[in-house]
Amino acid sequence: VGSSGTISVNEISVNQFSVYPNPTTGIIYINYSLKEKSDLVMNIESVLGQIVYSKEIKETQQNLLMVDMNFLERGAYFITLTNGAEKTTIKVILTR
């Protein structure tokens, strides 16, 4: 885990990936910029590894997504951007 809270496995060619506010009381903004256009899957996973939210994004290079996490319980979650076998993850704390 890096000092920014980012966890990476076969990291995507990402110029920028941030989630704010973190910690959050419900609404988060996911900002990302990729080196080239590609299809992307954004997942929110619980600490138990369960996918609690998923969104497919086609032919994207940069975007700012707003996600409402108010349907989830307080706790830690992982926001993961995946492109095939490559992914990058940021931990988010939902406080309420």
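Residues numbered from 1 in each chain as written. Predicted model: local features only at pLDDT ≥ 70, side-chain atom pairs only at ≥ 80, totals over all residues. Heavy atoms only, no water.

Undergrad: Can you help me understand the side chain of threonine 24 in this one?
TA: In this structure, threonine 24 sits in the loop between β2 (14-20) and β3 (27-46). Threonine 24 has contacts with Met69, Val92, Ile93, Leu94, Thr95 and Arg96, leaving out every residue within four places of it along the chain. (Helix = DSSP H or I, 4+ residues; strand = E, 2+ residues; numbered from the N terminus. Contact = heavy atoms within 4.5 Å.)

Undergrad: Sorry if this is basic, but what is going on with the pattern of salt bridges here?
TA: Two side chains that carry opposite charge are able to pair once their charged atoms sit near each other. Applying the stated criterion across every chain yields a total of 1 salt bridge. Across the salt bridge formed by lysine 58 and glutamate 56, the nearest N and O atoms sit 3.7 Å from each other. A residue is classified by how much of its surface remains accessible, and glutamate 56, at 57% relative accessible area, is exposed. (Salt bridge = Lys/Arg side-chain N within 4 Å of Asp/Glu carboxyl O. Buried < 20%, exposed > 50% of the residue type's maximum accessible area, 1.4 Å probe, protein only.)

Undergrad: Explain the environment of lysine 55 to me, please; I cannot follow it from the model alone.
TA: Within the secondary structure layout, lysine 55 lies in strand β4 (residues 51-68). Setting aside anything within four residues of it in sequence, one finds lysine 55 in contact with Leu40, Val41, Met42 and Leu65.

Undergrad: Any chance you could explain the confidence of the model for the protein here in plain terms?
TA: Interpretation of the predicted coordinates at a detailed level should be avoided for regions scoring low in pLDDT. Chain-level pLDDT for the protein is 86 on average; 84% of the residues reach the 70-or-more range. No element of the protein has a lower mean pLDDT than strand β1 (residues 6-9), at 52, and none a higher one than strand β5 (residues 75-83), at 93. (pLDDT = per-residue confidence, 0-100.)

Undergrad: For this particular structure, what's the right way to read the environment of valine 67?
TA: Inspection of the secondary structure puts valine 67 in strand β4. Setting aside its immediate chain neighbours within four residues, valine 67 contacts Gly26, Ile27, Ile28, Ile30, Met42, Ile44 and Tyr53.

Undergrad: It is not clear to me how the pairing of β3 should be interpreted in this structure. Could you clarify?
TA: Across a regular strand the side chains alternate sides, sitting on one face of the sheet and then on the other. Across 14 bridges, β3 lies against β4 in antiparallel orientation. Directly across from glutamate 45, in β4, lies its bridge partner isoleucine 51. Here β3 folds back onto β4 in antiparallel fashion, the turn holding 4 residues, of which glycine 49 has a positive phi close to 85°. Strand direction decides the pairing type here: β3 and β5, joined by 6 bridges, are antiparallel. Paired with glutamate 45 across the bridge in β5 is phenylalanine 78. (Pairing = 2+ DSSP bridges.)

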